[in-house]
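# Notes for the structure review
The chain contents come next:
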Amino acid sequence: MFAPMQAGSLLDGRHKSLGPQKGHVLLNKDGQRIIYKTLEAGESMPTHHHDGGDVLVIVLAGELAITQENDKTVEVQAGDYVIFPQGAPHSLVCHKAARIVIYR
């Protein structure tokens, strides 16, 4: 028997919207997590890192500046993604209210 299927909307789709969430874990299995997060303009995340593997960030809406320590800063917007290598320190600053999905 399988667990029940889940459906929802991260933007403005036909399913029930998660709406503004500072952080909502969509999936947490076998050490991997998929996280939906919203950020307001001017909000930031300080430098941090994850040792469990590479990190994928997908921008659904908004505009952000994402920095990998000792590397470069990239400006990203809806439709863009960034991948950090395992353990790489990174941070972000939100320029325009954003919705992102993080896989780590």
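Figured I'd write up the structure that's included with this text. (Residues numbered from 1 in each chain as written. Predicted model: local features only at pLDDT ≥ 70, side-chain atom pairs only at ≥ 80, totals over all residues. Heavy atoms only, no water.)

### A closer look at the nonpolar core
Looking at soluble globular proteins, one finds that nonpolar side chains tend to be buried together. What counts here: The set of buried Ala, Val, Leu, Ile, Met, Phe, Trp, Tyr and Cys residues whose side-chain atoms join them within 4.5 Å is what this entry labels a nonpolar core. Remark: exposure states derive from per-residue accessible area (1.4 Å probe, protein chains only) relative to the maximum for the residue type, with buried under 20%, exposed over 50%, and partly exposed in between. Secondary structure is summarised from DSSP: a helix means a run of H or I of at least four residues, a strand means a run of E of at least two, and numbering begins at the N terminus for each. Here a residue-residue contact requires only that any non-hydrogen atoms of the pair lie within 4.5 Å.
Within the largest apolar cluster, 16 residues are counted, with the highest numbers of intra-cluster contacts made by Val57, Leu64, Ile66, Leu92 and Ile100. Listing elements by their share of this core, those giving two or more residues are β2 (32–39), β4 (55–68), β6 (81–84) and β7 (90–103). Apart from the residues lying within four places of it in its own chain, the contact partners of Ile66 are Val57, Lys72, Thr73, Val74, Val76, Val82, Phe84, Ser91 and Leu92.

### Section: unusual backbone geometry
Phi at Asp30 is positive, roughly 55°, even though this residue is not glycine. Mapped onto the fold, Asp30 is located in the loop between β1 (24–29) and β2. By relative accessible area, Asp30 is classed as exposed at 72%.

### A few points about the environment of Leu27
Looking at where Leu27 falls in the secondary structure, it is placed in strand β1. A residue is classified by how much of its surface remains accessible, and Leu27, at 44% relative accessible area, is partly exposed. In sequence terms Leu27 and Tyr103 are 76 residues apart; their C-alpha atoms lie 9.3 Å from each other.

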